[in-house]
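Listed below, chain by chain, are the residues.
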Amino acid sequence: MNNNNNLSQIYLDANATTPVLPQAANAAMSAMEHLFGNPSSSHITGLRAKNLMEQTRAKAKQIIGSANGKIIFTSGATEGIQTAILSALVSARTRLVSSSQQGEDFYLLYGATEHKAVPESLKHWNAILGINAKIIAIPVDRQGNLDHDFISKYAPKSLMICTMAVNNETGVYQDISRLEHTIRHANPDIFWMVDCVQALGKIALNLAQTSIDYAPFSGHKLYAPKGIGFVYIRENAPFTPVIAGGGQESGLRSGTENLPGMAAINVIFEQLIAEESCFADHKTLHTFRQQFTDTLKQAFPQIVFNHSFDNSVPTTLNFAIKGFSSKEIMDLFDAANIRVSSGSACSSKVTRSFVLDAMGLPAWQSESAIRLSFGPAMTQDEVNQACDRISSAANALTQSCMVLDSANMNDKTPLNGLVQLRSGASCTWIYVDAPSKQAFIIDPLPELTERLDTLLQCQQLTLVALIDTHGHADHISGRELLTLKRGITGHTDALGWPQTSLTFTENNQQFEYITVADKWLVKVPTPGHTADSISLLLCHPITGSQTLANNTLFAFCGDTILMGTLGRTNFESSSAKAMYASIELLSAVLAPQSLICPSHDYQHEFATHLTAECLRNTLLQQVIQGTISVDEFVSHKAKIDSQLNDQIGTEILCGALPAGSCHKVTPITEYSAASLDVALNTSKVKLIDIREPHEYALQHSLDSCENVPLTRLVQFMQQHQHDKRSEWVLVCRSGSRSLVAAQAMHRLGFTNVAHLKGGYALANAS
C-alpha cells in the first residue's frame, strides 16, 4: 500500500517496554560474535564469558545496594516473582508443618495496585503447595499509598507480603522505610517481596539497608533486551529454585546463561553508574514531565491527572480527558505516530483500570485512562518533538468537531446524514441535513452532552428535535441538560416529542410526524419494553400511494428490536403482550431491509434489519409470520428474560440473548498488504478507511478512495442499499475495527466486503 506515513514514531510507552539502547545492542551482538562461550566451560572462551557474567553481577549489586545479598539472573520479572513467592511459601509451609498449624488460618498479602503477575502467582503456588492461605489485597488511598493500618491488622497472621516500589500504571512510589517499619513492627518474620521493576533507574535503591527478602527486576523496562532480568535475594532468606537442571548460577537457577542479555544489561548498569551518562538526571526528568504536563493541559483543557505528582516518579503520566474514551485517545495518538497505552488492558469492551479503581477514582477516569511514560534516555529534542506532535494531534480533533475551534468555525466539512455515538453499549443517534443545517438527536446520553453540544456548535446546526425512544432504566436521559445548554424552547411530551406535530394516515392508522428539512420523522407507538416506548422513522414525505415501508431510511426502535434479541419485558411498566402487537406494527410499516438503529448495541453490530434478525431470532420470525400466538409469545419471552443477568459492571442489560440467537459469523475475506496491492491494481476493489476524520487527517493511505468513519457506517450502508455487491476493503489502524465493521456489513447483505488484516500497523511494517 502506498501510505502517507511521513510522521516519525514518537515512543511514549516506556513502562511497557523500551527500545534497546544502541550501545547495549552492540554489546549483545559482540557477545554473540566473540564472547559466545558457555560460562560453565573451563577453557579460555568459557572463562571470558564467565568473567562478563560476574562483572555484570557486581554492577547489579552496586546499583541496588545488595551488599551480601544474592543476585540471580533470570529471564525477566515474572520469573523473579515466581522465584520469590515459591521460595517464601516453601519455607512458610515448613514452618506451618513444624508448628502443626494450618495454612487456612493465615493470609498472603499483596497491594491492591500490584501488577497482576503477583496475585496470580500467589494463587498458583498457594494452591500447588497445598497451603490454602487466604489471599487478600491491601487497600490503597486516593494517592495510591498502601493502608498501613490494614497491614498492621493482618500482617501478624500472614505468611508473606508483596508490595511494589513503583507502580507501572501511575508511577506512584511507596515510602519503603515507613512501610518496613509498619511491616516489621507487626510481624518480624513475615516474608517480604518488593517488585522493583519500575524502580530501576528511577529511584535510589539500597536494599541491603532494608529487610526486604526478595526484589525482582527486568531488563527490557530500561533499554536492555527482552529475556534478561535478575532477582535480589536477601542474605539468609530462604531460597527454592524454580528451575532445576545443570546447576548453573551456583545451583540456584539452572539453564545456560543468557550472555548476550547480560552483556546488554551490563551496558545499562554502566550508564547508571557513570557520572557522564546518556541517562538524564532526576531534575531533568522532572523538567520533562512539566513540559509534557503543560502541553497536555493546553492541548486538552478537560484533562485530569489520575495521580499526584508528589509521590510518583517523573517518567509516568496517567491522565484522562473528560468526554473521550481511552480508545479514542489511543487511536488519535497512534494516527499521529505517538505510542502511548491505555490505563487498562485493551479490549473491544469498555475496560477499567483496576489500579485506578483501587485508588477510588471516578469510573470515567478509570475507563478513560491513558498512560504516557518515558525513560531516562529521553532527550530534550525528543520531548520538544513529542509535545509538538501532541499539539497537532489535538488540533486534528477539530476535523471531527470533537473539540470546538471557535476561530475557524466556517472551514469545517459539512456533516450530512446519520452519526452514531456510543458510551459502552448505549447508543445516541444524530441526524444532520447539511443544506438546511437542521438536526435531530435520538436517545441523548448524559455522558455525551458536551460532545453533542460541541458538534452542534461546530457544525452551526439548528436542533429541531431531541427525543428519547423510552424512559431508560440504565441511565438518565441527557435531554434536559442538553436542552438547557442549547436554550431550546417549545412544548414537548415526557420523551421530548414536539406537541406541534402533524399527522397522516396509513392503513387506517394515524401517525404523528414532524418535518426535518425535506424529510419526515414519524412517531410510531411501540409499547412493550416499557409502556412509553416509541419508534421513530425517518422517511421521505408520504404522498399518494406511497407507504412508510417504501420510504423509510432509518428506524429508531429504541430497545424494542435489538441485535440478536428483543428488548426485555420484565420491568414494572413492561408488557410482552404489547410488544407482540408492536412487532406486528413494525413489520407492517418497515421494509424487510429497512435499517433499524437501536438504543443499545451489545455485540458491536451497529444496525440491523428484519431480514437479518429473522435469520437468528426465531421468536421475532414467528411473530412476523403469524405462527405464534400472543400467549405463547408471552410465555417464551418470560423464559428468555429469566436468563438476564441484571448487571454487567454498572450497566443494566436491556435485552437477553436467546440460546442460539447469535449464528456463526461468516468468515470475512482478509487481505495482507501484498495481496491488497495486487487487488487494487487488477480488480475493482475500493479501499475504505473507516477511522475517524481526525485519524484520517493525520495519516492515511494515498490509495484510499473514501473515509467512512465507524460513527457514520450506518449512513454508508443506507446509501449503498442497492449496491451491496461492490468489492469494498475496509482498513483501520490495527485491523480490529475493520474486521468488526466488515462482519456487520456482511451480516446485512454486503457479501463482497473484506478487510485489511493487521491494518496500517502491519501494512507499514518493514
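This text goes with the structure placed above it.
It should be emphasised that the depicted structure is a prediction, and the values quoted were computed from it without experimental measurement.

Engineer: Quick one: what's the story with the overall build of the protein chain, residue by residue and with numbers?
Structural biologist: Within the protein chain, the regular secondary structure consists of 24 helices and 32 strands. Relative to a compact globule of 766 residues, whose C-alpha radius of gyration would be 27 Å, the protein chain shows 31 Å and is just as compact. Seen through its principal axes, the protein chain has C-alpha atoms that stretch 100 × 60 × 50 Å. Across the 766 residues of the protein chain, 56% fall into the buried class. Sequence-distant contacts, at least 24 apart, represent 69% of the contacts inside the protein chain between residues at least 6 apart. As displayed, the protein chain offers around 31,600 Å² of accessible surface, 50% of which is attributable to carbon and sulfur atoms. Measuring between centres, the 56 positive side-chain charges of the protein chain sit 4 Å from its 69 negative side-chain charges.

Engineer: Got a sec to walk through the pattern of salt bridges? Specific residues and values, please.
Structural biologist: Tallied over the full model, the rule gives 26 salt bridges. Among the salt bridges present, the one from D601 reaches R422, with a minimum N-O distance of 2.7 Å. Taken together, the positions of D601 in the loop between β25 (595-598) and α17 (610-614) and R422 in strand β14 (residues 417-423) put the pair 179 residues apart, joining distant regions of the chain. Salt-bridge contacts for E605 lead to R616; the nearest nitrogen and oxygen are separated by 2.6 Å.

Engineer: Mind laying out the state of the cysteines, listing which residues take part and the relevant values?
Structural biologist: Applying the stated criterion across every chain yields a total of one disulfide. Each sulfur in the disulfide pair C401 and C458 lies 2.0 Å from the other. One disulfide, between C401 and C458, carries an S-S torsion of -60 degrees and so falls in the left-handed class. Of this pair, C401 sits in the loop between α12 (380-396) and β14 while C458 is found in helix α13 (residues 449-458), placing the two residues 57 residues apart along the sequence. A relative accessible area of 2% places C401 in the buried class. Between C162, a free cysteine, and C196, which holds the nearest cysteine sulfur, the sulfur-to-sulfur gap is 12 Å.

Engineer: Which residues make up the nonpolar core, and what are the values?
Structural biologist: If you look at the biggest cluster of nonpolar residues, it comprises 61 residues, and the most contacted ones within it are I64, I151, I161, F217, F230 and I268. For this core, the element with the most residues is helix α7 (residues 259-273), which contributes eight residues. With near-sequence residues (within four places) excluded, I64 lies in contact with I71, L200, L205, N206, L207, F217, F230 and Y232. Counting residues in each nonpolar core, the second largest holds 43 residues, with A607, L713, M717 and A741 among its members.

Engineer: Now, about the pairing of strand β18 (residues 502-506): what can you tell me, with residues and values included?
Structural biologist: In this structure, β18 lies alongside strand β19 (residues 509-516), joined through five bridges in antiparallel fashion. Bridging from a neighbouring strand, F504 pairs with F511 of β19. Here β18 folds back onto β19 in antiparallel fashion, the turn holding two residues, of which N507 has a positive phi close to 50 degrees.

Engineer: Could you give me a rundown of unusual backbone geometry, with the residues and numbers involved?
Structural biologist: Backbone geometry at Q460 places phi at a positive 55 degrees, although glycine is not the residue there. Relative to the assigned elements, Q460 resides in the loop between α13 and β17 (462-467). Residue classification places Q460 among the partly exposed positions, given a relative accessible area of 38%. A positive phi is found at H604, a non-glycine position, where the angle reads about 55 degrees. As for its placement among the helices and strands, H604 is situated in the loop between β25 and α17.

Engineer: Mind laying out empty space enclosed by the protein, listing which residues take part and the relevant values?
Structural biologist: Taken as a whole, this structure holds two cavities of 30 Å³ or more when the rule is applied. T113, G144, M164, N167, T170, V172, Q174, V355 and M359 are the residues that line the largest cavity. The class makeup of the residues in the lining of the largest cavity is four nonpolar, five polar and no charged.

Engineer: Break down the packing of helix α1 (residues 22-33) against α7 for me, citing the residues and quoting the values.
Structural biologist: The relative placement of two packed helices is expressed as an angle between their axes plus a distance between the axes. Contact geometry of α1 with α7 gives a least axis separation of 7 Å together with a crossing angle of 145 degrees. Seen along the crossing, α1 lies across α7 with a hand that is right-handed. Here Q23, A24, A27, A28, A31 and M32 of α1 lie close against α7, whose contacting residues are L259, P260, A263, A264, V267, I268 and Q271.

Engineer: So what's going on with the sheet that holds strand β16 (residues 438-442)? Residues and values would help.
Structural biologist: An order of β14-β15-β16-β17 is seen for the four strands of this open sheet, with the pairing classed as mixed. Two strands in the sheet have a free side with no partner beyond their single neighbour: β14 and β17. Averaged over neighbouring strand pairs, the angle between their axes works out to 20 degrees when direction is ignored. Note: strand β15 (residues 426-433) against β16, five bridges, orientation antiparallel.

Engineer: Any details on the environment of E275? Residues and values, ideally.
Structural biologist: Here E275 lies in the loop between α7 and α8 (282-299). In sequence terms E275 and G758 are 483 residues apart; their C-alpha atoms lie 44 Å from each other.

Engineer: Outline the packing of α8 against α12, supporting the account with residue identities and numerical values.
Structural biologist: Close contact between α8 and α12 brings their axes to 9 Å; oriented N to C, the two are set at 10 degrees. With respect to each other, α8 and α12 are oriented roughly parallel. Between α8 and α12, the contacting residues are F288, Q291, F292, T295, L296 and A299 on the first element and Q380, V383, N384, A386, C387, I390, S391 and A394 on the second. The residue inventory of the contact of α8 with α12, partitioned by class, reads nine nonpolar, five polar and no charged.

Engineer: Provide a residue-level description of the side chain of S738, including the pertinent values.
Structural biologist: Among the secondary structure elements, S738 is positioned in helix α23 (residues 736-747). Within the structure, the side chain of S738 is placed 3.1 Å from the backbone oxygen of G735, a separation counted as a polar contact. In this view, S738 contacts I690, L730, V731, C732, H755 and L756; residues no more than four positions away in its chain are not counted.

So, how was this worked out
- Residues numbered from 1 in each chain as written.
- Predicted model: local features only at pLDDT ≥ 70, side-chain atom pairs only at ≥ 80, totals over all residues.
- Heavy atoms only, no water.
- Helix = DSSP H or I, 4+ residues; strand = E, 2+ residues; numbered from the N terminus.
- Rg over C-alpha atoms; globule rule 2.2 N^0.38 Å.
- Buried < 20%, exposed > 50% of the residue type's maximum accessible area, 1.4 Å probe, protein only.
- Contact = heavy atoms within 4.5 Å.
- Areas by Shrake-Rupley, 256 points an atom, 1.4 Å probe, with all protein chains shown as cover.
- Lys, Arg positive; Asp, Glu negative; His and termini not counted.
- Charge placed at Lys NZ, Arg CZ, Asp CG, Glu CD.
- Salt bridge = Lys/Arg side-chain N within 4 Å of Asp/Glu carboxyl O.
- Disulfide = S-S within 2.5 Å.
- Core = buried A, V, L, I, M, F, W, Y, C linked by side-chain atoms within 4.5 Å.
- Pairing = 2+ DSSP bridges.
- 1 Å grid on protein atoms, 1.4 Å probe; cavity = no way out; pocket = protein on both sides within 12 Å on 5 of 7 lines; lining within 4 Å.
- Points joined across faces, edges and corners; volume = space filled by probe spheres on them.
- Nonpolar A, V, L, I, M, F, W, Y, C, P; charged D, E, K, R; others polar.
- Axes fitted to C-alpha atoms, helices over the stretch in contact; angles between N-to-C directions.
- Left-handed = near helix turned anticlockwise from the far one by under 90°.
- Parallel < 35°, antiparallel > 145°, perpendicular 65-115°, else oblique.
- Polar contact = N/O pair within 3.5 Å; in protein donor to acceptor, adjacent residues only side chain to side chain.

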